[in-house]
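Understanding the architecture of this molecule
The residues making up each chain are set out below.
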Amino acid sequence: MKQVLENIESQFEMFQILDENGKIVNKDDMPDLSDDELKEIMRRMVYTRILDQRSTALNRQGRLGFYAPTAGQEASQLGSQFALEKEDFILPGYRDVPQLIWQGLPLYQAFLFSKGHFHGNQYPDELRALSPQIIIGAQYVQTAGVALGIKKRGNKNVAITYTGDGGTSQGDFYEGINFAGAYKAPAIFVVQNNRFAISVPVEKQTNAKTLAQKAVAAGIEGIQVDGMDVLAVYAATKFARERAVNGEGPTLIETLTYRFGPHTLSGDDPTRYRTEDMDNEWEKKDPIVRFRTYLESKKLWSEEDENNAIEQAKEDIKKAIKQAEEQPKQKVTDLIANMYEELPTHLQEQNEIYKEKESK
Ligand SMILES: Cc1ncc(C[n+]2csc(CCOP(=O)(O)OP(=O)(O)O)c2C)c(N)n1
Ligand SMILES: [Mg+2]
């Protein structure tokens, strides 16, 4: 019996293309990306790191609200998003705002989401996505449904969702992957394993050696990927997307990653549950440093490119935060109006009361 478990676990060795030193270690799986595309991925990662730093500063100044830091997870987030098509559907978690932005969410709306303003959730028609899910794992069930809908309509698209390592302990996680597997729905389930669910280490969440192996029980494809290697994450997602649109069913992708910052900016202190050694070990795997080394060796990235990406990010953020701050303050009647298509009687009455108050 022991052998059976060992056999399963041995199937889930980490998939990597670019090692920690920025060297290609797996030529065979090197994705077919043009030089311009490689540069664009790098530009986005640098931009997103700046966005993370600025968002943290804006939060500290009281100009943003809820914010879950993203630094360290850029390869995992942006590598997977880069493999998508415009009409694919994203069901993100609270840490996955960067994927929404690169899929078409205007930055000022991302800021409004952080501020808890309803307009932050009113997406442009061409962006096919739900708002970031706060209920851990719930987006996995929704993804099975969205993917089945895509299949029934005969569209050649996928629904992709993101949760964390902690999310895989939830019932919704298993229901989602099982249902999508049963219907061969075109879904991609990403688990960003950043080793912790707030302060709880992954080893305390589960006895499974990998999270990718959870795919076995649902009869779907599973793969564990180096989540600090943007090329590996891109290649795995592209592969999963192809399978999905070809009717071969869902894939579970576990990305091994790390959040450099705290869980959220609402009072979490990672020094209480992570050692300095652990932080240092993971900082050496920084996805941006690694990819930069690779691109520089191919003469595709220069200091000027880096500075341009940084300046562009800063400029966009400045404009976007101004636009977010200029948005009319939300009113109680806005909250009520955005909750229901038709108001129940008791809310109609309250709505009238607030309308009256707000008109003064
Ligand atoms: C159903 C549910 N239970 C508990 C919480 C509180 N909670 C918020 S974040 C979090 C940890 C999630 O960790 P993980 O899935 O690893 O994602 P990460 O934050 O590391 O990206 C928990 C337990 C919640 N939001 N929803
Ligand atoms: Mg986690």
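Residues numbered from 1 in each chain as written. Chains lettered and ligands numbered in written order. Predicted model: local features only at pLDDT ≥ 70, side-chain atom pairs only at ≥ 80, totals over all residues. Heavy atoms only, no water.

Another point: the nonpolar core. Membership of the largest hydrophobic core comes to 65 residues, with the highest contact counts inside it found for Phe111, Leu231 and Phe291. With 10 residues, helix α10 (residues 230-245) is the largest single contributor of residues to this core. Ignoring sequence-local partners within four residues, the contact set of phenylalanine 291 consists of Leu18, Leu38, Ile41, Met42, Met45, Val230 and Leu231. Phe173, Ala187, Ala215 and Ile220 belong to the second largest nonpolar core, which has 20 residues in total. (Core = buried A, V, L, I, M, F, W, Y, C linked by side-chain atoms within 4.5 Å. Buried < 20%, exposed > 50% of the residue type's maximum accessible area, 1.4 Å probe, protein only. Helix = DSSP H or I, 4+ residues; strand = E, 2+ residues; numbered from the N terminus. Contact = heavy atoms within 4.5 Å.)

As a further point, take the site of ligand 1. Near ligand 1 there are 15 residues, and of these Tyr94, Arg95, Gly166, Gly167 and Phe196 occur at the shortest range. Here an oxygen atom of ligand 1 sits 2.7 Å away from a polar atom, N or O, in the side chain of arginine 95. Taking phenylalanine 196, its main chain carries an N or O atom lying 2.9 Å from an oxygen atom of ligand 1. Across the complex, the protein chains shield 70% of the 590 Å² of accessible surface that ligand 1 would expose by itself. For the shell around ligand 1, the class distribution of residues is seven nonpolar, six polar and two charged. (Near = heavy atom within 4 Å. Polar contact = N/O pair within 3.5 Å; in protein donor to acceptor, adjacent residues only side chain to side chain. Areas by Shrake-Rupley, 256 points an atom, 1.4 Å probe, with all protein chains shown as cover. Nonpolar A, V, L, I, M, F, W, Y, C, P; charged D, E, K, R; others polar.)

Accessible area lost upon the coming together of the parts serves often as the stated size of an interface. On domain assignment, one finds that the protein holds domain 1 (4-329) and domain 2 (331-359). When each unit is reduced to the centre of its C-alpha atoms, the spacing between domain 1 and domain 2 is 37 Å. (Domains from an automatic or database assignment.)

Turning our eyes to something else, we now look at the UniProt feature "domain: Dehydrogenase E1 component" (unreviewed entry) in the protein. Listed under "domain: Dehydrogenase E1 component" (unreviewed entry) in the UniProt record, and renumbered for this structure, are residues 42-332. Taken end to end, residues 42-332 is 48% helix and 11% strand, and its two terminal C-alpha atoms sit 42 Å from one another. (UniProt positions renumbered as here; feature names shortened; annotations may be inferred.)

One non-glycine residue, isoleucine 198, lies in positive phi territory at about 50°. For isoleucine 198, the location among the structural elements is in the loop between β4 (196-197) and β5 (200-201). We note that lysine 299 has phi near 60°; this positive angle belongs to a residue other than glycine. On the secondary structure map, lysine 299 appears in the loop between α12 (287-297) and α13 (303-326).

For the rest of this paragraph, the subject is the sheet that holds strand β3 (residues 187-193). Within a sheet, neighbouring strands are paired by backbone hydrogen bonds and run either parallel or antiparallel to one another. One open sheet holds the five strands; their spatial order is β1-β2-β3-β7-β6, and the pairing between them is parallel. Every interior strand has two partners, whereas the edge strands, β1 (89-91) and β6 (221-226), have only one. When strand polarity is set aside, the average angle formed by the axes of neighbouring strands in this sheet is 20°. Here β1 runs beside strand β2 (residues 159-164); their pairing, made up of three bridges, is parallel. By the bridge assignment, phenylalanine 89 is partnered in β2 with alanine 159. Together, β2, β3, β6 and β7 (251-256) form the strand contacts of α10, whose direction differs from that of β6 by roughly 165°. (Pairing = 2+ DSSP bridges. Axes fitted to C-alpha atoms, helices over the stretch in contact; angles between N-to-C directions.)

Below, the discussion takes up α12. Listing the buried residues of α12 in full gives Pro287, Ile288, Arg290, Phe291, Tyr294 and Leu295. An end-on view of α12 places all buried positions within 165° of arc, on one side of the element. Contact partners of the buried residues in α12: α2 (35-60), α3 (74-82), β6 and α10. Measuring from the backbone nitrogen of isoleucine 288 back to the side-chain oxygen at the start of α12 gives 2.8 Å, which picks out aspartate 286 as the cap. Downstream of α12 by a residue or two, lysine 299 has a phi angle that is positive, lying close to 60°. (Arc of directions from axis to C-beta.)

Taken together, Asp165 (OD), Asn194 (OD1) and Phe196 (O) make up the protein donors of the magnesium ion (ligand 2), found 2.1 Å from the metal. Along the chain, the residues that donate to the magnesium ion (ligand 2) are spaced as D-x28-N-x1-F. A residue pair is termed long-range when its members are at least 10 positions apart, and aspartate 165 in the loop between β2 and α7 (171-182) and asparagine 194 in the loop between β3 and β4 qualify at 29 residues. Each member of the pair, aspartate 165 together with asparagine 194, is buried. (Donors = N, O, S within 2.8 Å, 3.2 Å for Na, K, Ca; no water.)

Right, let's talk about the environment of serine 55 for a bit. Along the polypeptide, serine 55 turns up in helix α2. The spatial distance from the C-alpha of serine 55 to the C-alpha of tyrosine 67 is 7.5 Å, given a sequence separation of 12 residues. Non-local contacts of serine 55, meaning those with residues more than four positions away in its chain, are made with Leu64, Tyr67 and Phe111.

Take α3 next. Of all nine residues that make up α3, nine are buried, and the element is covered over most of its length. Those residues of α3 not exposed but buried are Glu74, Ala75, Ser76, Gln77, Leu78, Gly79, Ser80, Gln81 and Phe82.

Below, the discussion takes up the pattern of salt bridges. A side chain with one charge may pair with a side chain of the opposite charge, provided their charged atoms come close. For the coordinates displayed, the defined rule picks out 19 salt bridges. Put simply, glutamate 9 and lysine 209 hold a salt bridge, and the shortest N to O gap is 3.2 Å. Placement of the pair is glutamate 9 in helix α1 (residues 2-10) and lysine 209 in the loop between α8 (202-205) and α9 (214-218), with a sequence separation of 200 residues. Under the relative-accessibility criterion, glutamate 9 is labelled buried at 13%. For lysine 209, a relative accessible area of 66% translates into the label exposed. In this structure, the salt-bridge partner of glutamate 306 is arginine 292, at a minimum N-O distance of 2.7 Å. Taken together, the positions of glutamate 306 in helix α13 and arginine 292 in helix α12 put the pair 14 residues apart, joining distant regions of the chain. On the basis of relative accessible area, glutamate 306 is assigned to the buried category, the value being 12%. A residue is classified by how much of its surface remains accessible, and arginine 292, at 22% relative accessible area, is partly exposed. Members of the salt-bridge network, linked through shared partners, are Glu40, Arg43 and Arg44. (Salt bridge = Lys/Arg side-chain N within 4 Å of Asp/Glu carboxyl O.)

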